[in-house]
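What follows is each chain in one-letter form.
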Amino acid sequence: MIRKIIYSDKKEVLRISSQIWEGEDYISEVFDEWTKSEDSIFAGYWENDKLIGFGRMRYLTSTDIWLEALRKDPQTKIRGVGNKIALYFMDQLKWEKIDSIRFSTYFDNITSIKLNEKLGFKKILTLSLKELELSDVNVKQQSSKLFSNIEFNKIEKYIRNTTYLKGSNNFIAIGWVVQSYSKKLIKTIHEKQHYAVYLENKKINGVVLYSKDVYKKILWINAIEAEREPVFNELINFVMNVAKQNNCNKIQLLVPNDTNLMNQVNKIGFKSWEQNDDLLLFEMPRNLIKHITSV
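Caption draft 1: Main features of the nonpolar core. Counting residues in hydrophobic clusters, the biggest one holds 64 residues, and the most contacted among them are Leu219, Ile221, Ile224, Ile251 and Leu254. Per element, the largest residue contribution to this core is nine residues, and it comes from helix 8 (residues 229-245). Those residues in contact with Leu219 that lie beyond four places of it in its chain are Tyr210, Ser211, Lys212, Val239, Val242, Ala243, Cys248, Lys250, Ile251 and Gln252.

What follows is the structure, given as structure tokens:
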């Protein structure tokens, strides 16, 4: 049986979650929010009244779908759980106008990759997840050339033409949720003032966008661009200060296929969990979406 997860299922959901990612799965942090969310379907698969697996389908927009948190009880020998949950989500999209269905996963999540490739998903982008432990670095006073009160149109125009965006095939990540670039997305970040602009002679020489409410204790860099290495260092120092102020102990970002950016990130001390090119973005082809939705 597959049904939506409700608050009383919390104990069972966390029982499974506690066995994932060596006990560091993030589901416990988002469970309450997900059961209340009106823009997603958080569903579980039960057999003999026992929760075996779960996942979430989220509407990033009215036409863009994001799949995430597909989990299966590591103790069960029941097969095909992920496939059943995925097909359940696809059934919910019947007769809807959908432009995209995507998900991201870690490179060694072979089971999930094979499952979704059988459903028709194609890998469209490979990125490198990099992490900086703040206990390992010293934070300096931030530069007087950094500002967070710049007109939206100026920032959006600059970001739209960055090498970061070009390298990421016009995608921006908020955590592991990788979505198409849009003015609306940048506007949301701008309104929260979750950015810093490096100005020199009234000219933008660098920008960093960040999110501080995605994961507990982690500040996430959505995008970063700098004309010169010293500017890049100042932008990173800025987000270090923000992270410290918000009691974060790590900074994370996704690095596209850009040798210069990768060198700068590595030089500061960002590290991979295991290797570069470790986060994969998958997308369902449009012809299969039309088959699913019948639209």
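Next, the rest of the story.
Caption draft 2: Region of interest: the sheet that holds strand 14 (residues 279-283). A sheet is described by the order of its strands in space; here 12 strands give the open sequence 1-2-3-4-5-14-6-13-12-11-10-7, paired in mixed fashion. At either end of the open sheet lies a strand with only one pairing partner, and these are strand 1 (2-4) and strand 7 (146-147). Here three bridges tie strand 4 (residues 64-72) to strand 5 (residues 100-106), and the two strands are oriented parallel to one another. The residue bridging Ile65 from the neighbouring strand is Ile101, located in strand 5. Strands strand 2 (40-47), strand 3 (50-59) and strand 4 of the sheet are contacted by helix 1 (residues 10-17), whose axis makes an angle of about 90° with strand 3.

Caption draft 3: Structural view of the pairing of strand 13 (residues 250-255). Extensive coverage of strand 13 is indicated by the burial of five of its six residues. Both strand 6 (residues 122-133) and strand 13 contribute to a ladder of six bridges, which runs antiparallel. Paired with Glu133 across the two strands is Lys250, which belongs to strand 13. Summarising the sheet, strand 12 (residues 218-226) and strand 13 pair through four bridges and their orientation is parallel. When the bridges of strand 13 are listed, Trp220 appears paired with Gln252. Regarding topology, helix 8 serves as the crossover connection from strand 12 to the parallel strand 13, and that connection is right-handed.

The rules behind each value
Residues numbered from 1 in each chain as written. Predicted model: local features only at pLDDT ≥ 70, side-chain atom pairs only at ≥ 80, totals over all residues. Heavy atoms only, no water. Core = buried A, V, L, I, M, F, W, Y, C linked by side-chain atoms within 4.5 Å. Buried < 20%, exposed > 50% of the residue type's maximum accessible area, 1.4 Å probe, protein only. Helix = DSSP H or I, 4+ residues; strand = E, 2+ residues; numbered from the N terminus. Contact = heavy atoms within 4.5 Å. Pairing = 2+ DSSP bridges. Axes fitted to C-alpha atoms, helices over the stretch in contact; angles between N-to-C directions. Right-handed = clockwise from strand over helix to strand, strands pointing away.

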